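Per-entry structural report
Listed here are the chains, written in short residue letters.
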Amino acid sequence: MDKIVDHLFVFRGEGEIEDFPGNYSDFRAYEDSAEPKALQSVSTEKSNWKEKQTKAGLTFNEQKEFQKIERPKPTSPNKHAGDFLIALELLRDGQIALGYHRGGFDIFNPITRTFTHPVMLNDQPGETNEFSGNALVEDLQGNIWIGAWGKGLAQFNRKTQTLKYWSHENGRETTLIDNFINALEKDNLGNIWIGTNAGLDVFNPSTGKFRHYVHDPTNPSSLAHNQVMNIFADQNGNMWIGTAGGLELALPDRIGFMHYNEKHGLPSDLIMSIREDQHHRLWLGTSNGICNFEPTFRKARNFDLSDGLPSLEFNWNSALVAQDGTMYFGTPEGFCLFNPDSLRNNPYVPPVYFTRLSLFNHPQLPGAPGSILKSSITETDSIQPPS
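Conventions we followed
- Sequence order as written defines residue numbering, which begins from 1 separately in each chain.
- In view of the model being predicted, local features appear only for residues whose pLDDT reaches at least 70, and side-chain atom pairs are presented and counted only at 80 or more, with totals across whole chains, interfaces and linings using the full set of residues.
- Excluded from the side-chain calculation are hydrogens and water; included are all heavy atoms of the structure.
- Helix numbers and strand numbers start at the N terminus; a helix is a DSSP run of H or I with at least 4 residues, a strand a run of E with at least 2.
- Using a 1.4 Å probe, accessible areas were evaluated by the Shrake-Rupley method; residue-level cover was limited to the displayed protein chains.
- Note on pairing: two strands pair once DSSP finds at least 2 bridges between them.
- Each axis is a line fitted through C-alpha atoms, taken for helices only over the stretch in contact, and angles between the N-to-C directions span 0 to 180 degrees.
- When a residue's accessible area, from a 1.4 Å probe over protein chains only, is under 20% of the maximum for its type it is buried; when over 50% it is exposed; and in between it is partly exposed.
- A pair of Phe, Tyr and Trp rings is counted when the ring centres sit within 6.5 Å of each other, with Trp represented by its six-membered ring. The angle between the planes then sorts it: under 30 degrees is stacked, over 60 is edge-to-face, the rest tilted.
- Salt bridges are defined as contacts in which a side-chain nitrogen from Lys or Arg sits within 4 Å of a carboxyl oxygen from Asp or Glu.
- Note: pLDDT gives the predictor's confidence per residue, expressed from 0 to 100.
- In what follows, residue pairs with any heavy atoms lying within 4.5 Å of each other are defined as contacts.

To continue, consider the overall build of the protein chain. Across its full length, the protein chain holds two helices and 28 strands. Accessible surface, the protein chain: about 21,800 Å² in total, of which carbon and sulfur atoms supply 51%.

And the structure:
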């Protein structure tokens, strides 16, 4: 992780965010050296820490500074919306969209250290944006789409600084399929794909129409399971859907789905996260380990605890690919990281030795009455079974 990170935002809770321009090891070294006393000034704290680092023989870039972003007063326009961060989206302009549990969402500018956030849902006057920003995605026009858990789908127009909102309405098939959204993704046509607990929606912002996809037992090409955990657009524009019933590939013209599950070699049907490496291979975080899946050959290679994974269970939507190709997958026991190019198959084929022989569950001892072995099984080239 230290190789790709040179800046951290530390969420302390109670509205305090610490801005630390360093990697994780730097931050741990700073924390370990902190004095158990009342909070000092930033300059004093930094000075004392660097002095201790010198005495301990540790190194740190002296130009780095440790600063704090504290919750401004409630009346401040720069007040950030919440503390419980559950979604992140890096925007094309370098800013960061942050989704909070029951706190809506913010756009954070890491250069100016300021927050921008809508205060109200425009089509519901008087309602503050205390929804949970469960999923975030930026569209081709720079708008930010938010999966507002329990409240439906919201679009934040950055040009007009306004929110537009869509929700499920009982009895109306033309509305959003479900208000509980797990995942969002955009395709190369500008459509927004929405994963919910009641199926999959594809929304066309130009027409304002939703297209629903649900499991149909009578249609083998329908969605395998209505619980959609994550959605991923690969480098070729294919749309992959991780469900509680396996991995789905949307067919051309969206006439249905191709299914991949345990019968095809996957370690589990519960697909928690999907990422792609530089060779167009998919990597799946599941409830039973990691799977390297090659769509072209429909070949799966699975990794479990014996391969060094910290856990067989992987967290929902907790995965990323760094610029150098390193992959990170989150688990309840921490995260694991690896570069797919560094993984090699073991070419060694161990020899096979027979050490014991039983016939109808009766051990065959060399020279024993009724035994088919004349000598030890390790010294026997062939045997003749009884007729």
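Moving on, we get to the sheet that holds strand S16 (residues 228-233). Hydrogen bonds along the backbone pair up the strands of a sheet, which may run parallel or antiparallel. Spatial ordering of the open sheet is given by S16-S17-S18-S19, a layout of four strands whose pairing is antiparallel. Because the sheet does not close on itself, it has two edges, and the strands there are S16 and strand S19 (257-260). Pairwise comparison of adjacent strand axes, ignoring direction, gives a mean angle of 25° for this sheet. When S16 meets strand S17 (residues 239-243), the two strands line up antiparallel, connected through five bridges. Bridge pairing in S17 links Asn-230 to Gly-242.

This next bit is on the sheet that holds strand S23 (residues 299-303). Pairing in this open sheet of four strands is antiparallel, and the strands run S20-S21-S22-S23 from one edge to the other. Edge positions in the sheet fall to strand S20 (271-276) and S23, since each has one partner strand and no second. Recorded for the sheet is a direction-independent mean angle of 20° between the axes of neighbouring strands. Note: strand S22 (residues 289-294) against S23, five bridges, orientation antiparallel. Residue pairing in the sheet places Asn-292 in a bridge with Arg-301 of S23.

Here we come to the pairing of strand S18 (residues 246-250). Sheet faces and side chains relate simply in a regular strand, where the side chains alternate between the two faces. For S18, the buried fraction is high: five of the five residues fall into the buried class. Between the end of S17 and the start of S18, which pair antiparallel, lie two residues. If you look at the hairpin formed by S18 and S19, you'll find six residues sitting between the two strands, and Asp-253 has a positive phi there, around 65°.

The tally for this structure, following the rule as stated, stands at 14 aromatic pairs. Seen from their ring centres, Tyr-213 and Phe-257 are 5.4 Å apart, and the 85° between their planes marks the pair as edge-to-face. Of this pair, Tyr-213 sits in strand S15 (residues 209-213) while Phe-257 is found in strand S19, placing the two residues 44 residues apart along the sequence. Among the residues examined, Phe-257 registers a relative accessible area of 4% and is labelled buried.

What follows covers the pattern of salt bridges. Here the structure, examined in full by the defined rule, presents four salt bridges. A salt bridge links Arg-158 to Glu-138, with the nearest nitrogen and oxygen atoms 4.0 Å apart. In this pair, Arg-158 sits in the loop between strand S10 (152-157) and strand S11 (162-166) while Glu-138 sits in strand S8 (residues 132-138), placing the two residues 20 residues apart along the sequence. A single salt-bridge network, built from bridges that share partners, covers Asp-93, Glu-138 and Arg-158.

A word on the confidence of the model for the protein chain. Counting all residues, the mean pLDDT for the protein chain is 79, and 74% of those residues have values of 70 or more. Counting contacts from residues 35-75, a segment whose pLDDT is below 50, to residues more than four positions away or on other chains yields 66 contacts. Across residues 120-128 the pLDDT falls below 50, and counting only partners more than four positions away or on other chains, this stretch makes 14 contacts in the model.

So, on to the side chain of Asn-143. Tracing the backbone shows Asn-143 in the loop between S8 and strand S9 (144-149). Excluding residues that lie within four positions of it along the chain, Asn-143 makes contacts with Val-137, Glu-138, Gln-155, Phe-156, Asn-157 and Arg-158.

Turning to the pairing of strand S26 (residues 334-338), a few remarks are in order. Bridge analysis of strand S25 (residues 327-331) against S26 gives five bridges, and the strand direction is antiparallel. Residue Met-327 lies in a different strand from S26, and its bridge partner there is Phe-338. Here S25 hands over to S26 after two residues, the two strands then running antiparallel side by side.

Looking at where Pro-252 falls in the secondary structure, it is placed in the loop between S18 and S19. The spacing of Pro-252 and Met-239 is 13 residues in sequence and 9.8 Å in space, taken between C-alpha atoms.

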